[in-house]
Amino acid sequence: MSRRNRELHVPRPPATPAAAHRLLQQGNAAFARLVATAPHDTPTLIPLLSADAGSFGRGAPRSQEPFAAVLGCSDARVPLEIIFQQACNDLFVVRVAGNILTSEGLGSLDFAATAFARCLRLLVVLGHTRCGAVTAAVDAFLAPMEYLHLAPSQPLRGVLDRLFIAVRAADRSLREVHGPHADNSPGYRAALIECSVILNAALTAHTLARELGEGEHHEREIVFGIYDLESLGVWSPPSRATQTPRALPGMASPPATPAAFRSLGKTVARMPRVLALLDAA
Ligand SMILES: [Zn+2]
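All values derive from a computational prediction rather than experimental measurement. (Residues numbered from 1 in each chain as written. Predicted model: local features only at pLDDT ≥ 70, side-chain atom pairs only at ≥ 80, totals over all residues. Heavy atoms only, no water.)

Undergrad: Help me understand the side chain of N89, please; the structure alone is not making it clear to me.
TA: In this fold, N89 is placed in the loop between α3 (80-83) and β2 (91-95). Polar contacts involving the side chain of N89 include one to the main-chain carbonyl oxygen of S63, which spans 3.2 Å. Polar contacts involving the side chain of N89 include one to the main-chain amide nitrogen of E65, which spans 2.8 Å. (Helix = DSSP H or I, 4+ residues; strand = E, 2+ residues; numbered from the N terminus. Polar contact = N/O pair within 3.5 Å; in protein donor to acceptor, adjacent residues only side chain to side chain.)

Structure below.
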């Protein structure tokens, strides 16, 4: 068995949320390594775990047995099964611009949580760096008059309006940590986009947990994370405020209370990656 196959050989479906989390982390690490070592000028075939191909096999299709449900962005650079290196029948996927929680998305995830209660161990909200939907919401926030040409489009406004809460929370966090005139910093827009991406994923995961009443379920967990388009890794902010809060590999539990969400906002605003963006010319 190759090194890669050994790493991915985890009993399926995983028995616990922690095991499901580990499986996604291992898959994402394998993906990042695969891309790092692949030649740049020739196409690379992403391996498929044939044993888990499910309905690709001969005979009657297997029943659905996803071990995780993922709400991710529609961004073409963030194909969820590929970046987590999972086969068909492993993930129940909902993708929508800005990984916002629409009523249809919530209905889909609610269905998954109910119909696949036997095997579903994790619900993931995955944001990503350089998100175009979040960037559009940030630009509309910073220059409201520019937003007017989008106003007639009700569906588009539906996406941006859902993102404004996270953008406003990110703006407030940056000003609390870096002063009321933080927006004078040369990289304020980029820092605001980064903070908004993180807080949007955290807030969406929090909302999802509330909607599904997850406090009553110990056999599955709801987590959030950020996919980094540069490193190809999935990370999350630390839950505890420290002097230099660094991104941690993998996903994290969302804040459970408004106070915890506000604390997370300040932690995010202090992260070195946000400071670097804020100071960049
Ligand atoms: Zn996006």
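Undergrad: Got a minute to help me understand the confidence of the model for the protein in this structure?
TA: The predicted structure's coordinates, where accompanied by low pLDDT, should not be read in detail. When the pLDDT values of the protein are averaged, the result is 89; 89% of them are 70 or greater. In this model, residues 1-8 is a region of pLDDT below 50 whose contacts with residues beyond four sequence positions or in other chains number 14 contacts. (pLDDT = per-residue confidence, 0-100. Contact = heavy atoms within 4.5 Å.)

Undergrad: Before we go on, may I ask you to explain the pattern of salt bridges in this structure?
TA: Between side chains of opposite charge, a pair can form when the charged atoms approach closely. For the structure shown, the criterion picks out ten salt bridges. As a salt-bridge pair, E176 and R262 come within 2.7 Å of each other at their nearest N and O atoms. Here the residue E176 occupies a position in helix α6 (residues 154-178), and R262 occupies one in helix α8 (residues 258-269), the gap between them amounting to 86 residues. Assessed through its relative accessible area of 41%, R262 is described here as partly exposed. Among the charged side chains, a network of salt bridges with common partners joins D171, R175 and D183. (Salt bridge = Lys/Arg side-chain N within 4 Å of Asp/Glu carboxyl O. Buried < 20%, exposed > 50% of the residue type's maximum accessible area, 1.4 Å probe, protein only.)

Undergrad: I would appreciate a short explanation of unusual backbone geometry in the present structure.
TA: Peptide bonds are trans in most cases, and residues, glycine excluded, mostly fall at negative phi. One non-glycine residue with positive phi stands out, namely Q85, at about 50°. Residue position: Q85 is located in the loop between α3 and β2. Positive phi, close to 40°, is recorded for N99, a residue that is not glycine. Take N99: it is sitting in the loop between β2 and α4 (103-115). N99 gets classed as buried once you look at its relative accessible area, which sits at 2%.

Undergrad: Which parts of the structure should I look at to understand the coordination of the zinc ion?
TA: C73 (SG), H128 (NE2) and C131 (SG) make up the full set of protein donors to the zinc ion, lying at 2.0 to 2.3 Å. Between the donor residues of the zinc ion, the gaps in sequence give the motif C-x54-H-x2-C. Like H128, the residue C131 is buried in the burial classification. (Donors = N, O, S within 2.8 Å, 3.2 Å for Na, K, Ca; no water.)

Undergrad: Is there a simple way to think about the nonpolar core in this case?
TA: Soluble globular proteins tend to bury their nonpolar side chains together. With 61 residues, the main nonpolar core has L109, L123, L174, L199, L208, F224 and V268 as its most contacted residues. For this core, the element with the highest residue contribution is helix α7 (residues 188-212), accounting for 14 residues. Grouped together as the second largest cluster of nonpolar side chains are 22 residues, A20, V78, L122 and L229 included. (Core = buried A, V, L, I, M, F, W, Y, C linked by side-chain atoms within 4.5 Å.)

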